[in-house]
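A look at the structure
Listed below are the residues making up each chain.
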Amino acid sequence: MHDYQRQFIELALARQALRFGEFTLKSGRVSPYFFNAGLFNDGASIAALGACYAAALAQADFGFDMLFGPAYKGIPLVAATAIALATRHARNVPWGYNRKEVKDHGEAGLLIGAPLRGRVVIVDDVITAGTAIRESIEMIRRAGAEPVAVALALDRQERGLSERSAVQEMGAQYGLRCLAILTLAELIDALEAQPAGAALAPSAAQLEALRVYRQKYGVMLQ
């Protein structure tokens, strides 16, 4: 496991962005964990999260020209990632984002920031139904640019309506590379490696619930 992945786990637990218990999802499934990127809600935490995204992109080592953040959660994520790429990796990458509704005055239109061009990485927190990502792909293509990857905070590695996960479906349907700071399998491995009673870690029962949930709903191949 990379240092940035350990840092992400520690940050998510400390900010309670990653919690354990019983959470009913839109799908109706009862999940033993929940991830909420909206709780990285101060300067220090969003800066640290952006550094994790930037490190994951650097580790993946593939070519891209700019970043795009889907409204709304993707906007602070893409800004923080661009800042971290510039300050930590000496790479000054343009970035943009979209509005939810077209503005017909002032700076009109849906798109804000750098013009969409070249090979674009979409930055978001997780993929559930994938609606925001699909809308982003269409916007990027209409602008004449090429969406090449989706960067996520957490890949739940969970089946949707088929035997594939939402991340796998996105890759197969659009030919996108999908990378995440952390996958559920990596999270479970890291939590299992922690000493018993470690601060902020789940209990033995909660950890077992994670294993059972992954066995029941997870995809084993990425």
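Here, every reference points to the structure presented above.
The following paragraphs examine the structure supplied in this document. These figures come from a predicted structure and were not determined experimentally. Along each chain, residue indices are assigned from 1 in the same order as the chain's sequence is written. Under the rules for a predicted model, residues below a pLDDT of 70 receive no local features and side-chain atom pairs below 80 are neither given nor counted, while totals for whole chains, interfaces and linings still include all residues. Excluded from the side-chain calculation are hydrogens and water; included are all heavy atoms of the structure.

1. Brief notes about the overall build of the chain
Here is the rule we go by: Comment: elements are numbered from the N terminus, with helices defined as DSSP H or I runs of at least four residues and strands as E runs of at least two. As a reference, a globule follows 2.2 Å times the number of residues to the power 0.38, and the radius of gyration itself is taken over C-alpha atoms. For every residue, the accessible area obtained with a 1.4 Å probe (protein chains only) is divided by the maximum for its type, and the residue is called buried under 20%, exposed over 50%, and partly exposed between those limits. Every accessible area reported is derived by Shrake-Rupley at a probe size of 1.4 Å, with residue values counting cover from the shown protein chains alone. Positive charges come from Lys and Arg alone, negative charges from Asp and Glu alone, with His and the N- and C-terminal ends not counted. Positions of charges follow a simple convention, taking NZ of Lys, CZ of Arg, CG of Asp or CD of Glu.
Check the secondary structure of the chain and you find seven helices and eight strands. Its C-alpha atoms give the chain a radius of gyration of 18 Å, within 12% of the compact-globule value 17 Å for 222 residues. Counting only C-alpha atoms, the chain reaches 55 × 40 × 35 Å along its principal axes. A buried classification covers 48% of the 222 residues belonging to the chain. Surface exposure of the chain reaches about 11100 Å², of which carbon and sulfur atoms provide 51%. In the chain, 23 positive and 22 negative side-chain charges are present, and the distance between their average locations comes to 2 Å.

2. Brief notes about helix 2 (residues 43–60)
In plain terms, the rule: How far a helix is expected to stretch is found by multiplying one less than its residue total by 1.5 Å. Should any heavy atoms of two residues lie within 4.5 Å, those residues are considered in contact.
In a regular helix each residue adds 1.5 Å, so 18 residues correspond to 26 Å; helix 2 covers 26 Å between its end C-alpha atoms and thus fits that length. Ser45, Ile46, Leu49, Gly50, Ala51, Cys52, Tyr53, Ala54, Ala55, Ala56, Leu57 and Ala60 are the residues of helix 2 that are buried. Considering only its buried residues, helix 2 is in contact with helix 1 (3–14), strand 3 (66–69), helix 3 (74–89), strand 6 (119–123), strand 7 (146–155) and strand 8 (177–183).

3. Let's talk about empty space enclosed by the protein
To be explicit about the condition: Put plainly, a pocket is an open set of points on a 1 Å grid over the protein atoms alone with protein on both sides within 12 Å along at least five of seven lines, a cavity is a set where a 1.4 Å probe fits but cannot get out, and a lining residue has an atom within 4 Å of a point. Grid points are joined across faces, edges and corners, and a volume is the space filled by probe spheres set on the points. Basically, the charged four are Asp, Glu, Lys and Arg, the nonpolar ten are Ala, Val, Leu, Ile, Met, Phe, Trp, Tyr, Cys and Pro, and anything else, Gly included, counts as polar.
In total, this model carries one cavity of 30 Å³ or more according to the counting rule given. Together, Phe8, Ala12, Leu18, Phe35, Leu154, Leu182 and Leu187 line the largest cavity. Tallied by class, the residues present in the lining of the largest cavity amount to seven nonpolar, no polar and no charged.

4. Some points on the environment of Leu210
Residue placement: Leu210 occurs in helix 7 (residues 204–217). Judged by relative accessible area, Leu210 falls into the buried class, the value being 1%. When the C-alpha positions of Leu210 and Phe20 are compared, they lie 8.9 Å apart, and in sequence the two are 190 residues distant. The contacts of Leu210, once residues within four sequence positions are left out, are Phe20, Pro32, Tyr33, Leu184, Ile188 and Leu191.

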